[in-house]
Structures are given as structure tokens and as C-alpha cells.
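As a plain string of letters, each chain reads:
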Amino acid sequence: MPLLPYAPWLCWVIPTLGAVIVPIFDVVEGAKRYRGYLGLSTIGLSVLFALSMMEEALRGEIIDLRLQVSPPIEIGVLVDPLSVLMAVLVSVIGFFVALFSHGYVGDDPGLTRFWFIMQLFISGYLIVVLADNLLFMFIGWEIVGVCCTYLTAYEYKIRRMAHLGFKVNTVLRVGDIALLLFILMVYTYAGTFNFIELSESTNWIIKLSRSGLLLISSLMFLGGIIGKAAQFPLHEWLPDMLVGTPSSSNALTECLAGPYLMARALPIFYEAYTSGLSELAYFFLAAAWIGAITAFIAALTATAQRHPQRVMAYAISGVIGFMLTAMG
């Protein structure tokens, strides 16, 4: 039975609560052994709630559920085929990663920290794919980026790992700042962050074009995508993360946030382009060429790697490069 309207909220709220609760297990006598089971339970519930929305997604329904908050703050979730597909993908992969990690990490001294980050990562990613507006999406976007940084520097007492975490954080922030500037520009001209409202009205994008900022803002948007998707020239954080993190598969889903956001905004940009805003042709060409160049460079670089996780990292960058090329 469908659990709407609660499922899209509980999908990400439950892992968040799990992340908040897991440190308490350190102070309760005899509870430490159950930290992993808590993580598995919360992420498993996310899977169930994500799957419960499949009925609406298969019918092609679009449901925008919003909380009443004061502007410019917008909090809401969007249930449509794309968001539900990604929610199922993220939660299912996240559950299997957590299940593997439960045995792999074992009795690591930093186990509480690990499960805190893992649950927060899944929660942040589900916010990214289910958010109905750019502002709420960006909050999840940053949560995911911060979790990637801390997973990379998980063995922070080893100086090299700490440096890798710092490098990952620095590279990701470059793309995130570009995306934030784009979001602020959109709100300045549109007065809303909501995806549906932005797609229904093209006035804001016409105003951006007349001000001469449309191409610049669209390239900033692309900068945010290539940063998170590990595309050239912001692709070097991914090999470092896979080497540093005890849970390599988290990086696989992390990179999909970029193509997801591109797919979410693609109809808006394409409709504007076909309506006469020809400068957006450079945006699509840039996306296509960056994806193609990344796929080529990543494939060549992978052949020269000895570390299996670095080979996998460059292979992932290359595959996502093909996705970006197709959408561009």
C-alpha cells in the first residue's frame, strides 16, 4: 500500500535520525555492538519507503509536497519517475554497501564515526534526488560532499589520508561555489527555487538572457555538475576518495548526483534553447565536450594505474563522461 505523503519524507528523515542516535550507543553500556545494526535498519527502511513510491512513479504521477515556511526558505519533496528511480537506486546500493561494510569494517575504533557518516551520506543523497527545489537540493548536495570528505580522511591519523581528505574537500568546493552562485542568480530573477515553477515559467530565463548573464550562469551550473560528477578538470578527487575511504562504493553513487541534476534541469534549458535563446547552444556543447574529453582522458589514465581502486575511479569518471556527452 502506498505510503504517500509520508514515504518521501521518511525516506531521508529516518537515516538522519539514525545518524543522530548512533553516538548515544557509545555511552550506553553494552550498546556498541548494535551500531552497525542500527545503520542497516535505518538504511533498510529507506529502501522500503523508496520502493513504496514505485506505484506512483510507474503511473507517471508528479506530486509536489511542500512545507509551509517563510520565503526564501523552501522545503519540499518531489515524487516523479526520475526522483523515485534515483531514490530506489541510491537506497538499494547504499543498503548493500552498508551490509558489506558491517562485516568489512569489523571492530574498527572509529565505528561510531563511520556509521554516523554512512547514514548521513544516504540521507543527504536522498535529499538531493527528492528535493523539489534548488535550495533544499543544495543542502543535501553539501551534506553528501562533506560526508565524502570525512570518508576520505577516515584514517585521519595517517597524514597522507588527512591530506587526501583536504584535497577532496577543496576540489568539491570549487564546483559547489559555482552551483551556489547559479542558484542565487536563478532566485534573483525567478523569485523561486522550485523546479516545477521554474519549468512552467520561462520569464526568469528570458530576463537572465537580456541581462547577459544566461550563458555565464548556465556554465556555473555546469561547473557544479562536473565537480560532483568527477569530470575534467575537477575529476582528480574521485581516485583519492576511493583510495582513502573504507567504503569505496559510496563514491559510485556520489558521482551520479551530477548527471541526476543535469537530467533534472535539462528540459528547462532545452525548452529555453528551442524558444530562441541560442546562447545556450554553448552550454550544451560545453557539456558534451567536457564529457567526451573526460571519457578519453580517464580511459587513458586508468591504463597506467596499479592501484585497483584508482582504476575503478577513472573508469567511473569515463562512464559518467559518456552520460554527460549524451545529455549535452
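Here goes a summary of the coordinates provided. (Residues numbered from 1 in each chain as written. Predicted model: local features only at pLDDT ≥ 70, side-chain atom pairs only at ≥ 80, totals over all residues. Heavy atoms only, no water.)

### So, the layout of surface pockets
Part 1 of the argument: Space inside the largest pocket adds up to approximately 190 Å³.
Part 2 of the argument: For the largest pocket, the lining is made up of 18 residues, of which R66, L67, V69, I73 and E74 are closest to its centre.
Part 3 of the argument: Class assignment for the residues of the lining of the largest pocket results in seven nonpolar, seven polar and four charged.
Part 4 of the argument: Looking at the second largest pocket, its volume works out to about 160 Å³.
Part 5 of the argument: Of all the elements in the fold, those that place two or more residues in the lining of the second largest pocket are α8 (195-200) and α13 (257-274).
Part 6 of the argument: Per element, the largest residue contribution to the lining of the second largest pocket is four residues, and it comes from α13.
Part 7 of the argument: Within the lining of the second largest pocket, the residues separate by chemical class into eight nonpolar, one polar and two charged. (1 Å grid on protein atoms, 1.4 Å probe; cavity = no way out; pocket = protein on both sides within 12 Å on 5 of 7 lines; lining within 4 Å. Points joined across faces, edges and corners; volume = space filled by probe spheres on them. Nonpolar A, V, L, I, M, F, W, Y, C, P; charged D, E, K, R; others polar. Helix = DSSP H or I, 4+ residues; strand = E, 2+ residues; numbered from the N terminus.)

### Brief notes about the packing of helix α14 (residues 280-303) against helix α15 (residues 308-327)
Part 1 of the argument: Axis separation between α14 and α15 bottoms out at 7 Å; the angle between their running directions is 155°. Here α14 is positioned roughly antiparallel relative to α15, judged by the angle of their axes. For α14 against α15, the interelement crossing comes out left-handed. Where α14 approaches α15, its residues F284, A287, A288, I290, G291, A292, T294, A295, A298, T301 and A302 are matched on the opposing element by V311, Y314, S317, G318, G321, F322, L324, T325 and M327.
Part 2 of the argument: Each residue belonging to the contact of α14 with α15 can be placed in one class, and the counts come to 13 nonpolar, seven polar and no charged. (Axes fitted to C-alpha atoms, helices over the stretch in contact; angles between N-to-C directions. Parallel < 35°, antiparallel > 145°, perpendicular 65-115°, else oblique. Left-handed = near helix turned anticlockwise from the far one by under 90°. Contact = heavy atoms within 4.5 Å.)

### A closer look at the pattern of salt bridges
Side chains that differ in charge, positive against negative, can pair when their charged atoms come close.
Part 1 of the argument: Across all of its chains, the model carries twelve salt bridges by this definition.
Part 2 of the argument: Here R59 ties to E56 by a salt bridge, and the two come within 3.8 Å at their closest N and O atoms.
Part 3 of the argument: Residue classification places E56 among the buried residues on the basis of a relative accessible area of 5%.
Part 4 of the argument: As a salt-bridge pair, D176 and R173 come within 2.7 Å of each other at their nearest N and O atoms. Of this pair, D176 and R173 both sit in helix α7 (residues 159-190), three residues apart, roughly one helical turn. Here D176 matches R173 in class, with each residue buried.
Part 5 of the argument: Residues participating in the shared-partner salt-bridge network are E55, E56, R59 and E61. (Salt bridge = Lys/Arg side-chain N within 4 Å of Asp/Glu carboxyl O. Buried < 20%, exposed > 50% of the residue type's maximum accessible area, 1.4 Å probe, protein only.)

### With respect to the side chain of D132
Part 1 of the argument: Relative to the assigned elements, D132 resides in the loop between α5 (111-130) and α6 (134-152).
Part 2 of the argument: For D132, a relative accessible area of 2% gives the class buried.
Part 3 of the argument: Polar side-chain contacts of D132 include one of 2.7 Å to the side chain of N133.
Part 4 of the argument: In contact with D132, other than residues within four places in its own chain, are D64, L65, R66, I75, G76, V77, L78, F193, N194 and F195. (Polar contact = N/O pair within 3.5 Å; in protein donor to acceptor, adjacent residues only side chain to side chain.)

### Comments concerning the environment of A50
Part 1 of the argument: Its location among the elements puts A50 in helix α2 (residues 35-52).
Part 2 of the argument: Using a relative accessible area of 0% as the deciding quantity, one classes A50 as buried.
Part 3 of the argument: Taking the C-alpha atoms as reference, A50 lies 5.3 Å from V88; in sequence the two are 38 residues apart.
Part 4 of the argument: Each residue touching A50, except ones within four places of it in the same chain, is listed here: C11, V84, A87, V88 and S91.

### Describing empty space enclosed by the protein
Part 1 of the argument: All chains considered together, the criterion is met by two cavities of 30 Å³ or more.
Part 2 of the argument: Approximately 80 Å³ is the volume found for the largest cavity.
Part 3 of the argument: If you trace the largest cavity, you find it lined by L134, F182, V186, F195, L198, W204, F221, A265, I268 and F269.
Part 4 of the argument: Among the secondary structure elements, those contributing two or more residues to the lining of the largest cavity are α7, α8 and α13.
Part 5 of the argument: No other element matches α13, which puts three residues into the lining of the largest cavity.
Part 6 of the argument: Of the residues assigned to the lining of the largest cavity, the class counts are ten nonpolar, no polar and no charged.
Part 7 of the argument: Looking at the second largest cavity, the residues that line it are L198, S199, S201, T202, W204, I205, I268, E271 and A272.
Part 8 of the argument: Among the secondary structure elements, those contributing two or more residues to the lining of the second largest cavity are α8, α9 (203-210) and α13.
Part 9 of the argument: Top element by residues in the lining of the second largest cavity is α13. It accounts for three residues.

### With respect to the packing of aromatic side chains
Part 1 of the argument: Enumeration over the complete set of coordinates arrives at 15 aromatic pairs.
Part 2 of the argument: For the pair F182 and F269, a centre-to-centre distance of 6.3 Å together with 35° between the ring planes defines the contact as tilted. Of the two residues, F182 is situated in helix α7 and F269 in helix α13; the sequence distance between them amounts to 87 residues. The pair formed by F182 and F269 is uniform in burial state, with each residue classed as buried.
Part 3 of the argument: Both rings, one in F283 and one in F284, keep their centres 5.2 Å apart while their planes meet at 65°; by these two values the pair is edge-to-face.
Part 4 of the argument: The rings of F182, F221, F269, Y273, F283 and F284 are connected pair by pair, giving a single aromatic cluster. (Phe/Tyr/Trp six-rings, centres within 6.5 Å; stacked < 30°, edge-to-face > 60°.)

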